[in-house]
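Listed below, chain by chain, are the residues.
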Amino acid sequence: MMRIFYLKRWVLCLLLSLQVIPTLAQTPPAYSAADIYLQIKKLKVLGSVLYVAAHPDDENTRLLAYLAKDRLYRTGYLSLTRGDGGQNLIGDEQGIDLGLIRTQELLAARRIDGAEQFFSRAFDFGFSKSTDEALATWGKDRILSDIVWVIRRFQPDVMITRFPEDARAGHGHHSGSAVLAHEAFRAAADPTAFPEQFKLGVKPWKVKRIMWNTFNFGGNNTTSNDQLKIDVGGYNAVLGKGYGEIAAESRSQHKSQGFGVPAGRGVAFEYFTPVEGDAPKTDIMEDVNVSWSRIEKGAAIEAKIDDILNNYSLAHPERSVPALVSLYKELSNLPEGYWRTQKMQEVQQLVERCSGLFMEVNATTEFVVQGDSMRVNAVVNNRLGGTIQLVRFTLDVFDSTFNKPLAANTNVVFSKPIYIFSTKPVTQPYWLEHKMSEGAFTVNEQTFIGRPESIPSYQASFEVTVEGQSFTFVRPVQYKFTDPVKGELYRPLVVVPAATVTTEPGIVIFRKQEKAAQDIMLRVTANKTFDHYTAKVSKRLKYDNSIFTDTNFSVVRGLSKPYYFTINNGMLKGLEQDNVQAFVELRNGKVEQPAWLNITSIQYDHIPPIHYFYQDAVKVLNIDLKTVGKRIGYIEGAGDKVPAALEQMGYEVVVLKEKDITAAVLKQLDAVITGIRAYNVHDFLSSKYETLMEYVKNGGNLIVQYNTNNFISTVKSRIGPYPFTISRNRITDEKAKVSFLLPQHPVLNYPNKITEKDFDGWIQERGIYFPDQLDTAYKSVLSMADPGEPALNNSLIVADYGKGKFVYTGLVFFRELPAGIPGAYRLLANIIALNKKKGF
């Protein structure tokens, strides 16, 4: 379910160069002398390529690695979405939470293959069968503007799309990304297109050509030998890896999608077909001048770089620092322009890396609080002993002058307290600061568009002189600590409000036919110490806004205090659903600390911790719901929130592990439900097939939610008592009309009468991965169709087996139940009750 964001952010600065912000909470990268050598070689190359597709994982990592690390072009990947609408193989995060995970996975991939990462505002709303739907939902002009903005700032010589503009793309988002990239190719050069961008420093930019990187995967071969082809399977002796090996490491970062792949070695061709612009015959960068001769007065620069390369010492990279500083000065004398700026930044990085200069700023805690203070520790080390002087250090309002020469390999350490102003914005992904529209995030600051991440909440500047030349290096303030198992770790610094507010449970279900009440817990967590404050705690429903407590509040930092209040379905006055929001005002004389935000944290070992804020609320349903049966066994799959919904429905949920799937345990259960993709992720279900079938045969009810059958994951075990296959058929229109094939079937009548109204309000889609090639023993209950397509009848199939029932469904209960869709609860209750209703 989408959360709504009302956070206000101050724009801290206007940055006109399109730079990728280093991913936070990463161990500082180490660059070998071989890495530095390639970076010096890259100084000679003035070419750039922008690759465009729709999702995380769409990018061709081998091509990106080849372009970035062999051809040494500035290479970017623009993913229109953050992958919010996909499935999650490693946890139960959905929607924006999943998009946050995949954003970090993409950044991890780019750190390996050497490309840069960009995004548009488009939201991944799930599988789409048509280009028109994708463009209409995203808002075509809005996303076109984003792509034009990225082009005008990145200034690619060549654009490449992953997909064609037609049905061969296999997904409306895929084809939509190609259509938009093609239109943006033209619009970026048009001075009448999005002219409001020009006041922010960009200019029209003419891309030389746009090409389609044809493919052969998923049974669809769009390549041919008459297309331009390039061998990208080479071996980079400097790196000790081939581009297929680098690509595999990069692609394997997409862990939430299960995209771990083996390393490739040997010749590997990529194929290209022209879309618009000058059609090349031998190379994608044909007739593009990538040397310094494209820049006025550039010839002398190229000669200087050659001299640095010829004299570079792998054992002593610091010996190149004086020449790099001289090169930097010469670049600064060139006329202002894109490549002057880009190459000055690259040379500055090389000065830092060749000199071995180390700089970092760390906080003593991960979370810092508005209105409180933090202590930061800064470290500078001139590890290779060059002529370097620390001139100045600035952080927020703190400014200190040093003018101190840095001795060789000696730590200069200083510590400072920093006050966190109460007006300092909480740390929030910029695309979640405002309420989003149906198909796109709301980003009001134009210069943020395209960025993969927000600007860090705190950044420190080190002004130093190297060989007499002034440089300013910026470092994010991070939290550093030592884990006894994992060693030294870095985490992002997070600015949090003085107090956070959590409500539990997340969803409450009342039955209309019964008068009932339920307690809600409001937990206030203090992020700083409150002493002698008054807490005014209030709740808000549509028909009930009231203060339910007004008490003295004293609590120390890190502790929390629960408050309880009761709601009943009489407060809803006939409403079928509402949201309970809770607020706290902490007062101490004239000092007020309003608290209404909660923090969500997402943590996996392969990405930095993710934190964001939202207004917590309890979704309240007041629906006509009847249930039969009590104890439900649940075999967890790849991650979903169905068990919590079942408990709210009044069932006792027993989570079944492999050892629990025995006849003795199963006979105590009214139904057994498998989580999404359970048969994809649990090999043990193959050995439990006979046990589960015996349970059904003896009167049980086995309900299997969707599994996948594709190149990522297949089902190896039998599932049902009679044969069927799993297809990739789906209904992507969440408003698709649902027809009842068997209107008298118990699943539509007992204990709840299911009508078309029960399919109102569904989100993202109706169902996915429907079964196919059914044995005649299965009965198909529902029929539905996407616009312009034939009906699909197998979203919900039921079979009798012995005394019991077997059900397989591709209906997306895992989305609809957490979203609080009443009809999904009623239909699931009927499925669970199937073995209790005799007949048919």
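Keep in mind that this is a model prediction, so the values were computed, not measured.

### Observations concerning the pairing of strand β19 (residues 469–483)
The pairing of strand β12 (residues 357–363) with β19 spans three bridges and is classified as parallel. Following the sheet pairing, Ala363 is matched in β19 by Tyr479. Relative to β19, strand β18 (residues 459–466) is paired through eight bridges, and the arrangement is antiparallel. Residue pairing across strands places Phe462 opposite Phe473, the latter belonging to β19. Where β18 folds back on β19, the antiparallel hairpin that results is connected by two residues, among which Glu467 adopts a positive phi of roughly 50°. Relative to strand β20 (residues 487–492), β19 runs antiparallel, the two being bridged by six bridges. Bridge pairing links Phe481 to Leu489 in β20. Between β19 and β20, which follow one another and run antiparallel, lie three residues.

### Observations concerning the side chain of Glu116
Mapped onto the fold, Glu116 is located in strand β3 (residues 116–119). Accessibility expressed as a relative area gives 17% for Glu116, which makes it buried. At a separation of 2.8 Å, a polar atom in the side chain of Glu116 contacts the side chain of Arg74.

### Considerations on the sheet that holds strand β36 (residues 701–705)
If you trace the seven strands from one edge of the open sheet to the other, you get β34-β33-β35-β36-β43-β42-β40, paired in mixed fashion. Across the chains shown, the open sheet's two edge strands, defined by having one partner strand only, are β34 (652–655) and β40 (779–780). Where strand β33 (residues 631–635) and strand β35 (residues 671–674) come together, four bridges link them in parallel fashion. Of the residues in β35, the one forming a bridge with Tyr634 is Ile673. Across the sheet, helix α15 (residues 689–697) touches β35, β36, β42 (796–801) and β43 (804–809), and the angle it forms with β36 is around 130°. Contacts between helix α17 (residues 822–832) and the sheet are confined to β33, β35, β36, β42 and β43, with β36 contributing the most and set at about 140° to the helix.

### Details of the sheet that holds strand β27 (residues 560–568)
Read across the open sheet, the three strands follow the order β22-β24-β27; overall the sheet is antiparallel. The strands lining the two open edges of the sheet, one partner per strand, are β22 (499–504) and β27. Each strand axis lies, on average, 20° off the axis of its neighbour in the sheet, ignoring direction. In terms of strand pairing, strand β24 (residues 517–526) meets β27 through nine bridges, oriented antiparallel. Each bridged residue has a counterpart across the sheet, and for Ile520 the counterpart in β27 is Phe565.

### Concerning the pairing of strand β31 (residues 610–615)
The side chains of a regular strand alternate between the sheet's two faces. Of all six residues in β31, six are buried; the element is thus mostly enclosed. By the alternation rule, side chains of β31 split into Ile610, Tyr612 and Tyr614 and His611, Phe613 and Gln615, which are all buried. As defined by bridge partners, strand β30 (residues 597–602) adjoins β31 across six bridges and the pair is classed as antiparallel. Looking at the pairing, Ile602 lines up with Ile610 of β31.

### Re the packing of helix α1 (residues 33–42) against helix α8 (residues 299–310)
Close contact between α1 and α8 brings their axes to 9 Å; oriented N to C, the two are set at 165°. Our classification of the angle between α1 and α8 gives roughly antiparallel. Regarding α1 and α8, the two cross each other, and that crossing is left-handed. Across the interface between the two elements, Tyr37, Ile40 and Lys41 from α1 touch Ile305, Ile308 and Leu309 from α8. A class-by-class count of the residues in the contact of α1 with α8 yields five nonpolar, no polar and one charged.

### Some points on the packing of aromatic side chains
Aromatic ring pairs are reported here in terms of the distance separating the ring centres and the angle at which the planes meet. One pass over the structure, following the stated rule, counts 34 aromatic pairs. Ring centres 6.0 Å apart and planes at 85° place the aromatic pair Tyr66 and Tyr243 in the edge-to-face group. In this pair, Tyr66 sits in helix α2 (residues 61–69) while Tyr243 sits in helix α7 (residues 243–251), placing the two residues 177 residues apart along the sequence. Its relative accessible area of 9% is what places Tyr66 among the buried residues. What makes Tyr243 buried here is its relative accessible area of 1%.

### What to know about the environment of Ile547
By secondary structure assignment, the location of Ile547 is in strand β26 (residues 545–555). Look at Ile547 and you get exposed, because its relative accessible area is 51%. Linking Ile547 and Tyr271, residues 276 residues apart in sequence, is a C-alpha distance of 66 Å. Aside from chain neighbours lying at most four places away, what touches Ile547 is Lys536, Val537 and Ser538.

### Let's talk about unusual backbone geometry
The omega torsion of the bond from Glu504 to Pro505 falls at 0°, within 30 degrees of zero and hence cis. Looking at the secondary structure, you find Pro505 in the loop between β22 and β23 (507–511). The backbone of Tyr769 sits at a positive phi, close to 50°, despite the residue not being glycine. As for its placement among the helices and strands, Tyr769 is situated in the loop between β38 (738–740) and β39 (771–772).

### A closer look at the packing of α8 against helix α9 (residues 321–332)
For any two helices packed against each other, one specifies the inter-axial angle together with the distance between the axes. At a closest axis distance of 10 Å, the pairing of α8 and α9 adopts a crossing angle of 170°. Judged on the interaxial angle alone, α9 and α8 are roughly antiparallel. On the side of α8, the interface is formed by Ala300, Ile301, Lys304, Ile305 and Ile308, while α9 contributes Ala323, Leu324, Ser326, Leu327, Glu330 and Leu331.

### Remarks on the environment of His55
Note that His55 resides in the loop between β1 (48–53) and α2. Once the C-alpha coordinates of His55 and Leu80 are considered, the two residues, 25 residues apart in sequence, prove to be 6.4 Å apart. Setting aside residues no more than four positions away along its own chain, His55 makes contact with Tyr77, Ser79, Thr81, Asp124, His171, His173 and His174. There is a polar contact of 3.4 Å between the side chain of His55 and the side chain of His174.

So, how was this worked out
- Residues numbered from 1 in each chain as written.
- Predicted model: local features only at pLDDT ≥ 70, side-chain atom pairs only at ≥ 80, totals over all residues.
- Heavy atoms only, no water.
- Pairing = 2+ DSSP bridges.
- Helix = DSSP H or I, 4+ residues; strand = E, 2+ residues; numbered from the N terminus.
- Buried < 20%, exposed > 50% of the residue type's maximum accessible area, 1.4 Å probe, protein only.
- Polar contact = N/O pair within 3.5 Å; in protein donor to acceptor, adjacent residues only side chain to side chain.
- Contact = heavy atoms within 4.5 Å.
- Axes fitted to C-alpha atoms, helices over the stretch in contact; angles between N-to-C directions.
- Parallel < 35°, antiparallel > 145°, perpendicular 65-115°, else oblique.
- Left-handed = near helix turned anticlockwise from the far one by under 90°.
- Nonpolar A, V, L, I, M, F, W, Y, C, P; charged D, E, K, R; others polar.
- Phe/Tyr/Trp six-rings, centres within 6.5 Å; stacked < 30°, edge-to-face > 60°.

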